[in-house]
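Per-entry structural report
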Amino acid sequence: MKYLTEFRNGEIARAQAREIHAMTTRPWKIMEVCGGQTHSIIRNGIDQMLPAGIGMVHGPGCPVCVTPLELIDKALAIAAQPGVIFCSFGDMLRVPGTEGDLFQVKGRGGDVRVVYSPLDALELAVRNPDKQVIFFGVGFETTAPANAMSVHQARRRGIGNFSLLVSHVLVPPAIEAIMSSPGNEVQAFLAAGHVCSVMGYWQYPPLAGKYGIPIVVTGFEPLDLLDGIHRAVRQLETGRHEVENAYDRVVTYRGNEAAQRLLAEVFEVTDRAWRGIGVIPKSGWRLNADYRDFDAEDRFQIAGIHTQESPLCRSGDVLRGAIKPAQCPAFGKECSPRHPLGATMVSSEGACAAYYNYGRFLPAEELASAGKAMSAF
Amino acid sequence: MCLAIPGKVEAISTDGAIRMGRVNFGGVVKSVCLEYVPEIEVGDYTIVHVGFAIARIDEESAQKTLEDFRQLGVLDEELAGEEEAFRRAASAPQSSCPDGSCPR
Ligand code: SF4
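All of these numbers come straight from a predicted model, not from anything done at the bench.

This part takes up the overall build of chain A. Within chain A, the regular secondary structure consists of 19 helices and 11 strands. Counting across all 377 residues of chain A, residues that qualify as buried make up 61%. Sequence separation of at least 24 residues holds for 75% of the intrachain contacts in chain A that already meet a minimum separation of 6. In the form shown here, chain A has an accessible surface area of approximately 14400 Å², with 51% of it arising from carbon and sulfur atoms.

Shown next, in the form of C-alpha cells:
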C-alpha cells in the first residue's frame, strides 16, 4: 500500500475500489496474464484494495519465468564460446541455468553485452565482422516485432554474422490452456495491454465465447488495473462474457498491422514448452524456413545439453501427485519463487509457487484444494 | 519485460532503408525504430518497447503515463544503459523472476 497512498491519483483509485466493493456479491477469480501487470498490482497493493472474495490469479505472462531451462543452458553454452558476442536484455543476466548464469559467463571472460534494442545487436554485428553476434530474443507478442525486424534487416543487408536465439510465447494459446485445464478456477481475464497494442484483440472474442469468460484489455498503471478489474467484475456480476477494451488510448481492435505483417513474414507458429507448465500446442513462434539461416540454434548446434533440475527438487513427485509441495524438504527453505530450484516453483502457476504464494495464509484443507487447482494447470 | 513507455518524437531520419527517430522519454533521449508507425511525425508521442515504436498516443495520456511510471520507478529500469544493467546484475541474486513480480 505504500506506493498507492503516495500515488497522486490515490483518491480516484480509492473511489474505484469502493465501487468494486459495492457491486461484488460473490467471490470471483480474475487472472492478469501479464507479469508486468502482476508487478504493478503487487507494487501498488491493488489486490489489498479489493473485496476479500475477488482473487487475482497471477498468470504465466513473465517471459523470463517460462523460458525453458534448456534454452537458458543453450544461451550459456553459446555465450561461453570464443569469437562470439552474446547480446541480451538486462533482465536475462541473472536467470539461472543448470550451471550459472549469463552474468557469470561474462565474469569468466565471455563477451556478454546488454543492449536496449535488437537493432543495437545488429549494429554490433556490422562493426565486428570477424565475430558471431547472437541476440537472445525471448518474450511475448510485444517483443516479437523488434526481433522480427532485426533478422529482416540482417537478411536485407546481408549481415551473415548475426543470429537470433529465439523463443517467443503467445498469449491466446496460454489462455486456452488455462481454461481447459481440469480444476481451473479462473473466471475472467485481464488481457495484457501492450501485447494487444501489437496484436489488437481480434483473437479474443472466440475465446470469450467458447469459455464464457469476460476478457478486458487492460493497461499497467494502477488506475488502468482498477478499471480493468472493475469492468471484469461488472461483467461477471451481470452474467456477461464479452471482450472489452479498457486501454483504448493505446490499443485498437486490429492492432499494429505493419508489425503483424512482418511477424507473419518472419515467424511461424510452433509448439512451445513453458517452464513449469509443459508444452502448450501452437503457443509460440520460431523463425520460418526463409529465415532459418538466422536461427542461432541451427547455426551453433549445441549438443549434449543435459538440463539438470536441482537434486534437492522433488517436482517430479509433486507433478505426479505423490507428494504435496510442502512435503518437499527444500520448500520455502532453499527453494522459493525468488530462488526456484524446480520448474514447479519457477512459474507462479506451478504447484510449488502456488503453495508458497497462497498456502501460507490458508488452513490445511483449503491449502490442499488450492494446490490441486493450481497443479492441474 | 513487456512494458512499453511513451516518449516524444524529436527527429526522424532514414537510416539505410529504415525509419528511425530520436525519442525523448522525459529527459532521456534514445534512438527508436519507427518502421511500425508510418503515420508518426515529429512532435507526436508514441509508445516504445525495446527500441521500437508500436503505437501512437496523445500528448496528455503520454505525459500522465510518464509521470506514473516515474513515480513507480519503472522508467529508470526500462531506460538503464549497459553499465547500469551490469551494475544492477552484480548486486542482484540469481533469480528466475528478475522483475520481482512473483510475490515472495
Ligand atoms: S519446493 Fe522447490 S525444490 Fe521442492 S519440489 Fe517444489 S520446486 Fe522442487
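This part covers the interface of chain A and chain B. Contact with chain A, which involves 65 residues of that partner, is made by 55 residues of chain B. Counting each side, the surface lost to burial between chain A and chain B is near 5300 Å², with a carbon and sulfur contribution of 62%. Counting every contact that joins chain A to chain B gives seven residue pairs in polar contact (both at pLDDT 80 or more). With six residues, helix α9 (residues 144-157) of chain A is the single largest residue contributor to the side of chain A that touches chain B. Of the residues belonging to the side of chain A that touches chain B, the class tally is 33 nonpolar, 18 polar and 14 charged.

Any two side chains of opposite charge can pair, on the condition that their charged atoms come close. All names here are of chain A. A complete count under the given rule lists 20 salt bridges over all chains for this structure. In this structure, Glu 11 and Arg 18 form a salt bridge, with 3.5 Å as the shortest nitrogen-oxygen distance. Accessibility expressed as a relative area gives 47% for Glu 11, which makes it partly exposed. Glu 244 is the salt-bridge partner of Arg 231, the closest N and O atoms lying 3.1 Å from each other. Pair noted here: Arg 231 is in helix α13 (residues 222-237) and Glu 244 is in strand β9 (residues 243-245), with a separation of 13 residues, a long-range link.

The next thing to look at is the nonpolar core. Membership of the largest hydrophobic core comes to 97 residues, with the highest contact counts inside it found for Phe 162, Ile 175, Phe 189, Tyr 204, Phe 267 and Leu 287 of chain A. When residues are assigned to domains, this core turns out to be shared by domain 1 (5-58 + 181-189 + 205-245) and domain 2 (64-170 + 255-300) of chain A, each giving three or more. By size, the runner-up hydrophobic cluster in this structure holds 28 residues, among which are Leu 93, Leu 102 and Val 112 of chain A together with Ala 85 of chain B.

Now for the environment of Pro 96 of chain A. Relative to the helices and strands, Pro 96 of chain A is located in the loop between β3 (84-88) and α7 (102-107). In sequence terms Pro 96 of chain A and Asp 111 of chain A are 15 residues apart; their C-alpha atoms lie 18 Å from each other.

Cut-off values and rules
Within each chain, residue numbers correspond to sequence positions counted from 1 in written order. Each chain is given a letter, starting from A, and each ligand a number, starting from 1, according to the order in which they appear as written. Under the rules for a predicted model, residues below a pLDDT of 70 receive no local features and side-chain atom pairs below 80 are neither given nor counted, while totals for whole chains, interfaces and linings still include all residues. Side-chain measures here rest on the full set of heavy atoms in the structure, leaving out hydrogens and waters. For helices the rule is a DSSP run of H or I covering at least 4 residues; for strands it is a run of E covering at least 2, with both sets numbered from the N terminus onward. Think of it in three bands: with a 1.4 Å probe and only protein chains considered, a residue is buried below 20% of the maximum accessible area for its type, exposed above 50%, and partly exposed in between. By definition in these notes, contact holds between two residues if any of their heavy atoms fall within 4.5 Å. A 1.4 Å probe and the Shrake-Rupley method give the accessible areas. Residues count as covered only by the protein chains that appear here. In short, buried area is how much 1.4 Å probe accessible area vanishes from two parts on joining, totalled over both. Two N or O atoms count as a polar contact when they lie within 3.5 Å, although within protein this holds only if one can serve as hydrogen donor and the other as acceptor, and sequence-adjacent residues are included solely when both atoms are side-chain atoms. All residues other than Ala, Val, Leu, Ile, Met, Phe, Trp, Tyr, Cys, Pro, Asp, Glu, Lys and Arg, Gly among them, are scored as polar; the first ten of these are nonpolar and the last four charged. By convention in these notes, a salt bridge is any Lys or Arg side-chain nitrogen within 4 Å of a carboxyl oxygen on Asp or Glu. What we call a nonpolar core is a set of buried Ala, Val, Leu, Ile, Met, Phe, Trp, Tyr and Cys residues that are connected through their side-chain atoms within 4.5 Å. Domain borders in the structure are assigned automatically or taken from a domain database.

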